[in-house]
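Commentary on secondary and tertiary structure
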Amino acid sequence: MTPSARQMWGRYRACHPYTPEAPYECFHFCDNREDADMCADLVVSGIKRATAASVAELELSGMRQPVIGDVSIVTRWDGEAVAVIRTTHVEIRRLDDVDEAFAMREGEGDKTLAWWRQAHEAYYRRALA
């Protein structure tokens, strides 16, 4: 964890004493600075309320799938912590089964399903290459 993430986690745990010693993960979204920072800003502003990790990507990186109640720290690309988030719902879907409502909750791009599919398919291809 970066110093700002450790500091944010310490403040969070002081207010939530039954929180685990460490977050589920401390992460930035995406695979580039511009998108990672944009997504961090969307989380902070309350627009981004969902995310879609690839099951294969989690497995390749040795991470377990998230479960309801997990608490994570979101950072900007440079590791600056911006938010603590809690997993409230987990659903595994095929890419083709993602719907317009989910695309809207993700809050990225123009919030349409068409935009979501294009952006996420390109990301998954890069991440799983």
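Our subject is the structure that appears above.
Everything quoted here is computed from the prediction, not taken from an experiment.

1. Notes on the state of the cysteines
When the sulfur atoms of two cysteines share a covalent bond, that bond is a disulfide. Taken as a whole and assessed by the stated rule, the structure comprises 0 disulfides. Looking at C30, it has no disulfide partner, and the nearest cysteine sulfur is the one in C39, 3.8 Å off. When its relative accessible area of 0% is taken as the criterion, C39 is described as buried.

2. Description of the nonpolar core
Counting 9 residues, the largest nonpolar core is built from A50, A52, V98, F102, A103, L113, W116, Y123 and Y124. Listing elements by their share of this core, those giving two or more residues are α4 (100–106) and α5 (113–128). With 4 residues, the single largest contributor to this core is α5. When neighbours within four sequence positions are excluded, V98 is seen to be in contact with R93, L113, W116 and R117.

What counts and how
Residues numbered from 1 in each chain as written. Predicted model: local features only at pLDDT ≥ 70, side-chain atom pairs only at ≥ 80, totals over all residues. Heavy atoms only, no water. Disulfide = S-S within 2.5 Å. Buried < 20%, exposed > 50% of the residue type's maximum accessible area, 1.4 Å probe, protein only. Core = buried A, V, L, I, M, F, W, Y, C linked by side-chain atoms within 4.5 Å. Helix = DSSP H or I, 4+ residues; strand = E, 2+ residues; numbered from the N terminus. Contact = heavy atoms within 4.5 Å.

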